[in-house]
Amino acid sequence: ANRELWNSQEIDFSKARKSMEGKPLSIERTKGSEILFGIAPCSLALSQSRRGLFRLFLKQSSGSRRLVMSEFVLQATARGVPVHHVKRRELDALCRGQVHQGVCLEATPLRFKSLEEAEKPDLGDEASRNRRLIWLALERIQDPMNLGALLRSAYFLGVDRVVTSQKNSCPLTPTVSKASSGAMEVFDVYSTDDLQSFLKAKTAEGWEVVGTVSKPEDVENVPVIGCLEFRWNKPVIIVIGSEGDGLSLETQLLCHRMLAIPPGRALHPGIESLNVSVATGILLHSICSQKLRHSD
């Protein structure tokens, strides 16, 4: 009986020890902070002066990532940010299981900038009016992975400014930063609570407003052309609609033209459109390449 009791206690103790080993240490967060994760977002956030920075968490590691981690320590030390070396499961808990690549950074959130904070380009004279400015306007993009991919493409391809609608749009979260491969950390994103009024104002200033559509037959009262046919010689705003519904009718009617991407084959029902970030990348490349040729 004593042996059975001993064995039972030993099993219970073993279970308890395993349970304790499996639980990550609780790291108390600074009030008002968020956890950035991933090498590119954390490195770029450290190199900029756009966020308040609290603590850097690095995975205790050896091997291939050692040099990267040493560079992070140097970056953090230069900015006066405390560095904590923790186990992988602590990092997993900090960023709730996201792909952190061994790095998390506790920092203040990034906010959208208001259009009042934006420097207005001078379009007073004829030469300035013909400048190849391209802005991207986003209406109700809700998926953080899509928003991040859109920002990454816009930054890479040379878009001058991104403006998003405040209502029913995804905020600038750590997931967006990771999906943007850190572009969100260096690229200002503006927002407006009245996208239609913003587009009307830009039209009055001489800009062309160009919408996007996956099914040209769904558009009425606005001319639709293929993206490769599009030519532009004045500042342009490309307007992208939400993942499910595309552009609202009110926004469509403010567009001078609509762009479509012609498919390369007859398409099966149900797979007749592209992911919004992929479609935007194709459209922006087509349009921004004209800007590059023009500047040569």
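Before reading on, note that the structure itself is shown above.
This one's a predicted model, so the numbers in the text were calculated from it and none came from an experiment.

## Here we look at the sheet that holds strand 5 (residues 113–114)
A sheet is described by the order of its strands in space; here 8 strands give the open sequence 5-8-7-6-11-9-12-10, paired in parallel fashion. Here the strands that pair on one side only, and so sit at the sheet edges, are strand 5 and strand 10 (224–226). Direction of pairing for strand 10 relative to strand 12 (residues 257–260): parallel, over a ladder of 3 bridges. When the bridges of strand 12 are listed, valine 224 appears paired with methionine 258.

## Details of the packing of aromatic side chains
In this structure the tally under the stated criterion is 3 aromatic pairs. Ring centres 6.3 Å apart and planes at 0 degrees place the aromatic pair tryptophan 135 and phenylalanine 198 in the stacked group. Note that tryptophan 135 is positioned in strand 6 (residues 134–138) and phenylalanine 198 in helix 8 (residues 195–204), a separation of 63 residues in sequence. Take tryptophan 135 and phenylalanine 198: they sit in the same class, and that class is buried. Each residue in the set Trp135, Phe198 and Trp207 is aromatic and connected to the rest through ring pairs, giving one cluster. The ring of tryptophan 232 is capped by arginine 132, whose NZ or CZ atom sits 4.9 Å from the centre of that ring. The side chain of arginine 161 reaches across the aromatic face of tyrosine 190, ending 4.9 Å from its centre.

## A closer look at the nonpolar core
Membership of the largest hydrophobic core comes to 31 residues, with the highest contact counts inside it found for Leu136 and Val162. Elements that contribute at least two residues to this core include exactly strand 6, helix 6 (144–157), strand 11 (236–240) and helix 10 (276–295). It is helix 10 that provides the largest number of residues to this core, a total of 5 residues. Excluding anything up to four places from it in sequence, valine 162 contacts Leu136, Leu138, Leu151, Ala154, Phe187, Asp188, Val189 and Tyr190.

## Let's talk about the packing of helix 2 (residues 39–47) against helix 3 (residues 66–79)
Here helix 2 crosses helix 3 at 25 degrees, and the two axes come no closer than 9 Å. As the angle between them shows, helix 2 and helix 3 are arranged roughly parallel. In terms of crossing hand, the pair formed by helix 2 and helix 3 is left-handed. Residues Ile39, Cys42, Ser43, Ala45, Leu46 and Ser47 of helix 2 lie in contact with helix 3, whose contacting residues are Val68, Phe72, Gln75, Ala76 and Arg79. Its residues placed into classes, the contact of helix 2 with helix 3 shows 7 nonpolar, 3 polar and 1 charged.

Rules of the game
- Starting afresh in each chain, residues are numbered from 1 along the sequence in its written order.
- Local features in this predicted model are restricted to residues whose pLDDT is 70 or higher, and side-chain atom pairs enter the listing and the counts only when it is 80 or higher, whereas totals over whole chains, interfaces and linings include all residues.
- Note: side-chain values were computed over all heavy atoms of the structure, leaving out hydrogens and water.
- When DSSP locates at least two bridges between a pair of strands, those strands are taken to pair.
- Under the scheme used here, helices are H or I runs from DSSP no shorter than 4 residues and strands are E runs no shorter than 2 residues, and both carry numbers assigned from the N terminus.
- Here a pair means two rings of Phe, Tyr or Trp (six-membered ring of Trp) with centres within 6.5 Å. Their orientation is stacked below 30 degrees between planes, edge-to-face above 60, and tilted elsewhere.
- A 1.4 Å probe rolled over the protein chains alone gives each residue an accessible area, and that area as a share of the maximum for its type sets the label: buried under 20%, exposed over 50%, partly exposed in between.
- Here, over-ring charges are defined by two tests on the NZ atom of lysine or the CZ atom of arginine: distance to the ring centre within 6 Å, and angle to the ring normal within 35 degrees.
- Put simply, a nonpolar core is a bunch of buried Ala, Val, Leu, Ile, Met, Phe, Trp, Tyr and Cys residues held in one set by side-chain atoms that sit within 4.5 Å of each other.
- Any pair of residues with heavy atoms lying within 4.5 Å of one another is described as a contacting pair.
- Simply put, an axis is a line fit to the C-alpha atoms, just over the touching stretch for a helix, and the angle between two N-to-C directions goes from 0 to 180 degrees.
- The cut-offs work like this: below 35 degrees is roughly parallel, past 145 is roughly antiparallel, 65 to 115 is roughly perpendicular, and the gaps in between are oblique.
- A crossing counts as left-handed when the near helix is turned anticlockwise from the far one by less than a right angle, and as right-handed when that turn is clockwise.
- Any residue outside Ala, Val, Leu, Ile, Met, Phe, Trp, Tyr, Cys, Pro, Asp, Glu, Lys and Arg is labelled polar, Gly included; the first ten of those are nonpolar and the last four are charged.

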